[in-house]
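# An overview of the molecular structure
Residues per chain are reported as follows:
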2 protein chains.
Amino acid sequence: MTSDNYCVIMGGGIGSRFWPFSRVNKPKQFLDFFGTERSLLQQTFDRFNKIIPVENIYIVTNELYADLIKEQLPELPETQILFEPQRRNTAPCIAFASYRIKAINPNANIVVAPSDHLILRENEFLITIKTGLEFVKENKALLTLGIKPNRPETGYGYIQVESEENTIFKKVKTFTEKPNTELAKVFYESGEFFWNSGIFLWNVQQIVQAFNDHLPEVSSIFASGEHTFNTSEERTFINNNFSACPNISIDYGVMEKASNVYVLCTDVGWSDLGTWSALRDISPKDEHGNASLKCKTIYYNSNNNITALSNPNKLAVIQDLEGYIIAESENVLLICKKDDEQKIRQYVIDAQLNFGDEYV
Amino acid sequence: MTSDNYCVIMGGGIGSRFWPFSRVNKPKQFLDFFGTERSLLQQTFDRFNKIIPVENIYIVTNELYADLIKEQLPELPETQILFEPQRRNTAPCIAFASYRIKAINPNANIVVAPSDHLILRENEFLITIKTGLEFVKENKALLTLGIKPNRPETGYGYIQVESEENTIFKKVKTFTEKPNTELAKVFYESGEFFWNSGIFLWNVQQIVQAFNDHLPEVSSIFASGEHTFNTSEERTFINNNFSACPNISIDYGVMEKASNVYVLCTDVGWSDLGTWSALRDISPKDEHGNASLKCKTIYYNSNNNITALSNPNKLAVIQDLEGYIIAESENVLLICKKDDEQKIRQYVIDAQLNFGDEYV
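Treat the numbers as computed from the prediction; the structure is a model and nothing was measured.

## So, the overall build of chain A
Per the secondary structure count, chain A includes 11 helices and 17 strands. Relative to its length of 360 residues, chain A is compact, with a C-alpha radius of gyration of 21 Å against a globular reference of 21 Å. Expressed along its principal axes, the backbone C-alpha trace of chain A runs to roughly 60 × 50 × 35 Å. Put simply, chain A has 360 residues, and 58% of those count as buried. Across chain A, contacts joining residues at least 24 apart in sequence account for 66% of those joining residues at least 6 apart.

## Observations concerning the packing of aromatic side chains
Across all of its chains, the model carries 48 aromatic pairs over all chains by this definition. Ring plane angle 15° and centroid distance 6.1 Å describe the contact between Phe96(B) and Phe222(B), whose orientation is recorded as stacked. One end of the pair, Phe96(B), is in helix H3 (residues 90–104); the other, Phe222(B), is in helix H7 (residues 216–224), and 126 residues separate them in sequence. We note that Phe96(B), like Phe222(B), is buried. One aromatic cluster in this structure is built from Phe96(A), Tyr99(A), Phe222(A), Phe229(A), Phe237(A) and Phe242(A).

## Things to note about the packing of helix H3 (residues 90–104) of chain A against helix H7 (residues 216–224) of chain A
Residues and elements named next belong to chain A. Two numbers describe how H3 lies on H7: the axes approach to 10 Å, and their chain directions differ by 35°. Where H3 crosses over H7, the handedness of that crossing is right-handed. Between H3 and H7, the contacting residues are Pro92, Ala95, Phe96 and Tyr99 on the first element and Val218, Ser219, Phe222 and Ala223 on the second.

## Describing the interface of chain B and chain A
Between chain B and chain A, the residue contacts involve 35 residues of the former and 35 residues of the latter. Across the interface of chain B and chain A, roughly 2,800 Å² is buried in total on both sides, 60% from carbon and sulfur atoms. Joining chain B to chain A, the criterion identifies four salt bridges. For Lys337(B), the salt bridge identified is with Asp320(A), shortest N-O distance 3.4 Å. Applying the counting criterion to the chain B and chain A interface returns 26 residue pairs in polar contact (both at pLDDT 80 or more). At the level of secondary structure, the elements contributing two or more residues to the side of chain B that touches chain A comprise strand S13 (296–300), strand S15 (315–319), strand S16 (324–329), strand S17 (332–337) and helix H11 (344–355) of chain B. Here the side of chain B that touches chain A is built from residues that sort into 20 nonpolar, six polar and nine charged. Relative to S15(B), strand S17 (residues 332–337) of chain A is paired through four bridges, and the arrangement is parallel.

## A few points about a nonpolar patch on the surface
All names here are of chain A. A cluster of nonpolar side chains, contributed by Ile14, Val24 and Leu64, occupies part of the molecular surface with about 250 Å² of accessible area. Tracing the chain through its elements places Ile14 in the loop between strand S1 (5–10) and helix H1 (40–49). Judged by its relative accessible area of 44%, Ile14 is partly exposed.

## Regarding the side chain of Gln319(B)
Inspection of the secondary structure assignment puts Gln319(B) in strand S15. Within the structure, the side chain of Gln319(B) is placed 2.7 Å from the side chain of Asp340(A), a separation counted as a polar contact. The contacts of Gln319(B), once residues within four sequence positions are left out, are Tyr324(A), Ile335(A), Cys336(A), Lys337(A), Asp340(A), Lys343(A), Tyr347(A), Tyr300(B) and Ser302(B).

## Regarding the relation of the copies chain B and chain A
Expressed as a screw transformation, the operator carrying chain B onto chain A has a rotation angle of 180° and an axial translation of 0.0 Å, and the superposed copies differ by an RMSD of 0.0 Å. Both copies of the chain, as the preceding transformation shows, are related through a two-fold rotation axis. By C-alpha distance to the rotation axis, the residue of chain B lying nearest is Leu321(B), at 4.5 Å.

## Some points on unusual backbone geometry
Residue and element names in this part refer to chain A. At the junction of Trp19 and Pro20, the peptide bond is cis and its omega measures out at 5° in the coordinates. Its location among the elements puts Pro20 in the loop between S1 and H1. With a phi angle near 55°, Lys294 is a residue other than glycine that sits in the positive phi range. On the secondary structure map, Lys294 appears in the loop between strand S12 (291–293) and strand S13 (296–300). With a phi close to 50°, Glu330 is a non-glycine residue in the positive phi region. Its place among the elements puts Glu330 in the loop between strand S16 (324–329) and S17.

## Considering the sheet that holds S12(A)
Strand pairing in a sheet is mediated by backbone hydrogen bonds. Such pairs are either parallel or antiparallel. An order of S12(A)-S14(A)-S16(A)-S17(A)-S15(B)-S13(B) is seen for the six strands of this open sheet, with the pairing classed as mixed. What marks the edges here is a single partner per strand, and that holds for S12 of chain A together with S13 of chain B. Strand-to-strand twist of the sheet, defined as the mean angle between neighbouring strand axes without regard to direction, takes the value 5°. Here three bridges tie S12(A) to strand S14 (residues 306–309) of chain A, and the two strands are oriented parallel to one another. By the bridge assignment, Ala291(A) is partnered in S14(A) with Ile306(A).

## Section: the sheet that holds S17(B)
The six strands are arranged S13(A)-S15(A)-S17(B)-S16(B)-S14(B)-S12(B) in an open sheet whose pairing can be described as mixed. Each edge of the open sheet is held by one strand with a lone partner, namely S13 of chain A together with strand S12 (291–293) of chain B. Strand-to-strand twist in this sheet, taken as the mean axis angle between neighbours without regard to direction, amounts to 5°. Each of S13 and strand S15 (315–319) of chain A together with S16 and S17 of chain B is contacted by H11(B), which is oriented at about 140° to S13(A), the strand it contacts most.

## As for the pattern of salt bridges
Residues and elements named next belong to chain A. If you walk through the whole model with that rule in mind, you get 34 salt bridges over all chains. With its nearest N and O atoms 2.5 Å apart, the salt bridge here joins Glu122 to Lys50. You can see Glu122 sitting in helix H4 (residues 122–138) and its partner Lys50 sitting in the loop between H1 and strand S2 (57–62), a full 72 residues away along the chain. Since its relative accessible area comes to 24%, Glu122 is described here as partly exposed.

## Points about the confidence of the model for chain A
Chain-level statistics for chain A give a pLDDT mean of 95 and a share of 99% at 70 or above. Interface predicted TM-score (ipTM) for the complex: 0.86; the corresponding pTM is 0.86.

## Some details on H7(B)
Residues Val218(B), Ser219(B), Ile221(B) and Phe222(B) constitute the buried set of H7(B). For H7(B), the angular spread of buried residues about the axis comes to 155°, placing them on one side.

## Observations concerning the pairing of strand S2 (residues 57–62) of chain B
Residue and element names in this part refer to chain B. A large share of S2 lies buried, amounting to six of its six residues. Of the two faces of S2, the one lined by Ile57, Ile59 and Thr61 and the one lined by Tyr58, Val60 and Asn62 are each fully buried. Relative to S2, strand S1 (residues 5–10) runs parallel, the two sharing four bridges. Its bridge partner lying in S2, Val8 is registered against Tyr58. Handedness of the crossover joining S1 and S2 through helix H1 (residues 40–49): right-handed. Note: S2 against strand S3 (residues 81–84), four bridges, orientation parallel.

## Overview of the pairing of S13(B)
Residue and element names in this part refer to chain B. Of all the five residues making up S13, four are buried; the element is thus mostly covered by neighbouring parts of the structure. Here five bridges tie S13 to S15, and the two strands are oriented parallel to one another. Each residue of the ladder has a partner; that of Ile298, found in S15, is Val317.

## Details of the environment of Gly289(A)
Within the secondary structure layout, Gly289(A) lies in the loop between helix H10 (276–282) and S12. Counting along the chain gives 14 residues from Gly289(A) to Asn303(A), while the straight-line C-alpha distance between them is 5.6 Å.

Rules behind the numbers
Residues numbered from 1 in each chain as written. Chains lettered and ligands numbered in written order. Predicted model: local features only at pLDDT ≥ 70, side-chain atom pairs only at ≥ 80, totals over all residues. Heavy atoms only, no water. Helix = DSSP H or I, 4+ residues; strand = E, 2+ residues; numbered from the N terminus. Rg over C-alpha atoms; globule rule 2.2 N^0.38 Å. Buried < 20%, exposed > 50% of the residue type's maximum accessible area, 1.4 Å probe, protein only. Contact = heavy atoms within 4.5 Å. Phe/Tyr/Trp six-rings, centres within 6.5 Å; stacked < 30°, edge-to-face > 60°. Axes fitted to C-alpha atoms, helices over the stretch in contact; angles between N-to-C directions. Left-handed = near helix turned anticlockwise from the far one by under 90°. Buried area = accessible area lost by both parts, 1.4 Å probe. Salt bridge = Lys/Arg side-chain N within 4 Å of Asp/Glu carboxyl O. Polar contact = N/O pair within 3.5 Å; in protein donor to acceptor, adjacent residues only side chain to side chain. Nonpolar A, V, L, I, M, F, W, Y, C, P; charged D, E, K, R; others polar. Pairing = 2+ DSSP bridges. Patch = residues over 30% accessible without salt bridge, like charges linked within 9 Å, V, L, I, M, F, W, Y side chains within 5 Å. Areas by Shrake-Rupley, 256 points an atom, 1.4 Å probe, with all protein chains shown as cover. Least-squares fit on C-alpha atoms with pLDDT ≥ 70 in both. pLDDT = per-residue confidence, 0-100. Arc of directions from axis to C-beta. Right-handed = clockwise from strand over helix to strand, strands pointing away.

The structure is reproduced here in structure tokens:
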């Protein structure tokens with residue numbers, strides 16, 4: 001275990017796709033979907049802590065979640081929780097953490113990861129990350145984890161790679177947006193396309209250089225505050241200057257522009273758990289395709305549903321439903337069609353408008 | 001208010017038709033379906049107590065519900081709660097109460113009523129009951145309350161009456177079972193048929209005489225224990241002898257056989273609340289036919305549902321359901337088709353078999 005290896009967990013996400021399970025005050029990363037007693041954030045922390053010492057793990061999040069993070073990760077020193085005063089997407093978030101870590105260790109090799117993804121094959125994942133950290137230590141490369149697709153998924157972005165032989169590190173040809181069904185099938189069958197996992201590895205010097213080259217309006221802000229990092233002035237500096245950062249993702253702002261981007265191609269049982277349908281896909285199901293998360297269920301003449309209740313002793317008895325989401329948590333019960341789950345965003349807005357903040 | 005007027009409320013019913021709202025330990029009569037803060041039993045008691053003094057009101061029930069009744073009706077003296085040791089349908093229940101009251105007041109005029117029905121027009125109901133009690137005081141008649149049908153309902157039994165003019169007291173021609181749709185329409189349109197409400201009025205001498213005439217195997221049991229009623233020996237006598245009573249309804253055992261049966265025809269907004277569908281029928285509904293009991297709801301593209309959650313602050317968000325029952329209470333959520341609600345009985349059995357007694 002080398003002390004030059006660092007991890008940055010991005011834990012400030014908010015989203016209503018898993019409402020009513022997720023709430024404004026407790027978004028997805030803080031939830032335990034599988035009854036393991038560890039939230040997705042805790043699982044992410046536990047996973048990286050097997051290869052990176054706790055003093056080298058940082059979390060970037062929103063002030064709103066300070067208490068939740070301290071409660072869920074009491075072992076993490078508070079100085080390693082970085083608070084973004086505003087939401088500015090992933091590029092400013094990563095720049096903040098990079099400059100902060102560079103001020104402590106200018107040789108740092110960093111893995112950056114979302115806090116709300118699922119990794120089913122942890123051992124392979126950790127071996128991959130260690131291999132990647134070695135690679136970025138030795139090479140001036142920005143590395144992104146590409147997941148070998150096992151289906152023509154339309155919910156993910158893809159990365160096309162040069163078809164070099166005999167290496168898991170491949171040069172990027174193009175980044176693509178989420179494809180339609182037809183295109184996803186072409187991508188899947190070509191063997192040249194990998195899912196874009198949003199997990200990155202680099203040496204801190206390389207990512208700072210990349211910000212200088214491709215997002216100077218971001219790097220100039222953090223460079224101007226370099227002397228405040230890890231001092232009592234840091235918080236004031238961030239609060240005064242973070243809002244000036246453009247709202248831009250690391251993919252769009254850096255990765256799609258840089259020429260030294262490589263894909264670390266792997267197959268680690270990854271899912272971004274982006275939708276109820278994705279959650280159903282990776283959950284155990286009965287012979288009729290019904291998944292039951294954290295609850296007891298009896299289904300009659302029902303197929304391809306996902307039921308999630310917040311109390312593991314609660315029983316759902318369901319008759320004659322086909323392809324529904326049945327989700328209940330605290331003061332909300334949601335029943336809606338799986339194929340229409342993009343509408344949940346609107347339902348949350350309607351619930352708040354009609355009945356108030358305590359329902360969202 | 002004459003002290004010769006008595007009321008017997010039958011409160012021992014058990015049933016799973018409103019599961020999971022109703023439970024073995026808390027059947028329908030103990031529930032408050034409409035958020036009035038008074039259960040159906042309490043409403044029944046309140047209603048009769050407006051015309052009958054509390055010391056003349058009796059409840060016949062099962063030992064299992066002793067605590068619930070004391071809790072819900074603290075004003076009722078315990079000596080007026082009669083416990084049936086076994087379930088034997090309504091004839092033995094009514095015989096027990098009749099002999100008990102006769103031992104106190106041989107001139108008693110009694111109204112017997114279920115504890116779990118709904119009366120929407122209370123004033124008309126009470127006027128009707130008072131009129132009926134006067135009638136049975138003056139006439140050697142067994143009186144049953146017949147409800148003027150407002151629709152060709154197939155869920156109720158009907159009573160056909162002689163078409164005497166100018167009186168609300170009509171002689172019975174026939175009792176009928178629940179009709180099919182076609183027959184119900186004929187009944188409804190004829191004007192000769194009334195719904196059988198299960199509410200009866202008679203002088204205690206007449207009902208005891210009727211038991212002697214038509215169910216001597218029941219009356220002989222209670223007659224043999226007459227000396228024990230209202231003494232410390234009563235409980236032992238009942239516990240030793242009640243089980244010998246045949247399991248038979250008052251309709252089948254007495255009313256359909258006696259020749260002095262009259263129907264008191266009225267229209268008092270009565271419902272036996274026998275099914276979720278019946279409950280939906282009499283509940284306020286939105287323009288799409290959706291009823292929401294004791295909860296907040298938002299419906300999208302949904303029609304003719306009934307949603308009942310046990311917490312009035314709980315919100316149900318429902319999309320694309322047509323004709324469903326959505327009922328949640330404590331540790332159970334039920335979603336099933338309204339047209340299949342007779343299957344709920346089986347669901348309860350399955351829930352108990354699979355997950356144990358705490359779910360029924």
